[in-house]
Amino acid sequence: SGPGAHAPAMAAPGGTLRKRRGVGEAPRAPPAEEEPAPPARPPLRPGTFWLSRIVLLRSIALLYFVAFLVAYHQNKQLIGEKGLLPGKLYLQNVQRYFKGKINLDTLSYAPTIIWFLDWSAMDSILDYLAGLGLGISACVLVTGCANMILMAILWILYLSLVNVGQIWYSFGWESQLLETGFLGIFLCPLWTLSRLPDYTPPSQIVIWGFRWLIFRIMLGAGLIKIRGDRCWRELTCMDYHYETQPVPNPLAYYMHWSPWWFHQFETLCNHFIELVVPFFVFMGRRMCIIHGILQILFQVVLIISGNLSFLNWLTIVPSIACFDDTCLGFLFSSKEGCVKDQVLKIQAKQAAGQRLPLRYGCYIRKVVNVSFGLLIAYLSIPVVLNLLNSRQVMNTSFNPLRIVNTYGAFGSITKERTEIIFQGTSSLDPNDPMAVWEEYEFKCKPGDLKRRPCLITPYHYRLDWLMWFAAFQTYEQNEWIIHLAGKLLASEEAALSLIAFNPFEGKAPPRWIRGEHFKYKFSQPGGKHASQGKWWIRKRIGPYFPPVNLQGLKKFYEARDWPYPKQN
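Cut-offs applied
Positions within a chain are numbered from 1, following the residues in the order the chain's sequence is written. Only residues with pLDDT of at least 70 get local features here, since the model is predicted, and only at 80 or more are side-chain atom pairs given and counted; chain-wide, interface and lining totals rely on the full set of residues. By convention in this description, side-chain values take in all heavy atoms of the structure and omit both hydrogens and water. Any two strands with at least two DSSP bridges between them are considered paired. By definition, any uninterrupted DSSP run of H or I lasting at least four residues is a helix, any uninterrupted run of E lasting at least two residues is a strand, and each is numbered from the N terminus. Whether two residues touch is decided by their heavy atoms; if any such pair falls within 4.5 Å, the residues are in contact. In this analysis, axes come from line fits to C-alpha atoms, helices being fitted only over the stretch in contact, and the angle between any two N-to-C directions falls in the range 0 to 180 degrees. Pairs were defined over the aromatic rings of Phe, Tyr and Trp, the Trp ring being its six-membered one, requiring ring centres within 6.5 Å. Orientation was assigned from the angle between planes: stacked under 30 degrees, edge-to-face over 60, tilted for the rest. Working definition: with a 1.4 Å probe on protein chains only, accessible area under 20% of the residue-type maximum means buried, over 50% means exposed, and in between means partly exposed. Whether a charge sits over a ring depends on NZ of Lys or CZ of Arg being within 6 Å of the ring centre and within 35 degrees of the ring normal. UniProt positions are given in the numbering used here, feature names are shortened, and annotations may be inferred rather than shown by experiment.

Describing the sheet that holds strand S6 (residues 536–548)
Taken in spatial order, the 4 strands line up as S2-S1-S5-S6 in an open sheet, and their pairing is antiparallel. The outermost strands of the open sheet, each flanked by one partner alone, are strand S2 (438–439) and S6. The pairing of strand S5 (residues 512–522) with S6 spans 9 bridges and is antiparallel. Its bridge partner being in S6, Phe522 is matched across the sheet by Trp536. Against the sheet, helix H18 (residues 462–471) touches strand S1 (417–425), S5 and S6, its axis set at about 105° to S1. Across the sheet, helix H19 (residues 480–489) is in contact with S1, S5 and S6; its angle to S6 comes to roughly 85°.

Quick look at the packing of aromatic side chains
Scanning the entire structure with this criterion turns up 40 aromatic pairs. Taking the centre distance of 5.3 Å and the plane angle of 80° together, the rings of Phe215 and Phe279 count as edge-to-face. A residue pair is termed long-range when its members are at least 10 positions apart, and Phe215 in helix H8 (residues 204–227) and Phe279 in the loop between helix H12 (260–276) and helix H13 (285–304) qualify at 64 residues. For Phe279, a relative accessible area of 35% corresponds to the partly exposed category. Three or more aromatic residues joined by ring pairs make a cluster, and in this case those are Phe171, Trp173, Phe310, Trp465, Trp468, Phe469 and Phe472. The ring of Trp208 carries the charged tip of Arg211 above its face, separated from the ring centre by 4.6 Å. Stacked on the ring of Phe518, the Lys or Arg Arg538 has its end atom at 4.1 Å from the ring centre.

Topic: the UniProt feature "transmembrane region" (unreviewed entry) in the chain
When the UniProt feature table is mapped onto this chain numbering, "transmembrane region" (unreviewed entry) sits at residues 50–72, 128–159, 205–224, 288–310 and 367–388. End C-alpha to end C-alpha, residues 50–72 measures 33 Å, and it is 100% helix and 0% strand. Note that residues 205–224 is 100% helix and 0% strand, and that its end C-alpha atoms are spaced 28 Å apart.

Here's what the structure looks like:
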């Protein structure tokens, strides 16, 4: 057979296809070509800090907002005209010390703009300063942009409150907020209110200023522990910390009862984070990022295990400077025209070799940034010497403006918790064994055994915090304790606003008030006391201050120029 014998068979498939299409059916059109997908956006390049600046400014603004909120709610009761330690009397004493003059020495000793205001309306001054701070910080927090003027105003306002706040503002986080806020001033352009000011890119000098701050905070905290209480070297401090810290929270109750080996592990981790990790910041970009992650995680653990004011929230802020735009890009929207998109365009121009035309102001700004760096370096000299000194001091400022400070926390750990309990009675005779003494409850500090530990961070009750310190001192060292007792005897409204429970509400004020001293311990979970709903167990140590009445305090008040409370 020849090749032609196979022809009909070879043609069959073609015939079959024609039958399937049907007679007269038009051939199918080829499928339409799909539109090409838009090119993927390039990732953010490392090494720029446009987005980092926005996150830093918002973080600083958040902390300022909390600090001014605390001030607005509590300053009048603490340092107002009828406060426990009136700010007006403090300024008058400072002025008297400097021979009645308001000069450079006076301003250096207590730098505050209140010197130039009308002291006769101290309550209004305190409210206006805190209110203005709340308004500006809220604006920066919401918008994510600021200029040097706004950030400088926030810094001056808080500096003014701190330097008239006396012992209520005597803790490390006040200086730390001022130093952090001072660095924030130089993050911003002078006038422009823009999240991405074209002619003011974030200065590497300022970014390193933040990194230098977190390095000193953590290393200082680590060294003060190693040089301080031996329990840090013996790895036993965490056996006590959760129970004896100033204001425990609910999680601290459970953390306290962790096994001994877990507490030792916590202490070792603490030493690693505070003594080793800080040096990562100088070891290149990757190690700096690891440093930032570890420090933030460490602060989060501290936040959830205690009410340490806004200290740990504030310590997170300089750690943010460890992250460039590449790291923080996930926090921002990728939509066209948004901040992240604009940063990509800026980076693309820089990659293409395009540079913004330098203005005269750009040269001035470079000079300002270099001068700022030199100032920080100069003010750091005594701080570094303090870190190297075996007699290291913590939470100290070597300059009146608190620009560069020493830091540290829990250099010593109290092994027992003691509390001052205020009690009042309507009895005519405080020594009558039949007298009924009723207890006042503070906002957050332990008192009622069945009250669950509070959770308030980053907010802060200054009176409760100072009551913790007063409990292991004497009332002679804390005269404001007796001042508070007098105000409670008079049922003064301002003082009562600092108290959670007044047992004499709706009744006549007490005739006598006394302070009792107790030792407090956490109840054992699942134990007898816990089954009764008690978070705490306590044992009376003795009297903290003897029973006092309003009439008997008159000379005490007059000797200190304190306004005598009028009974309501």
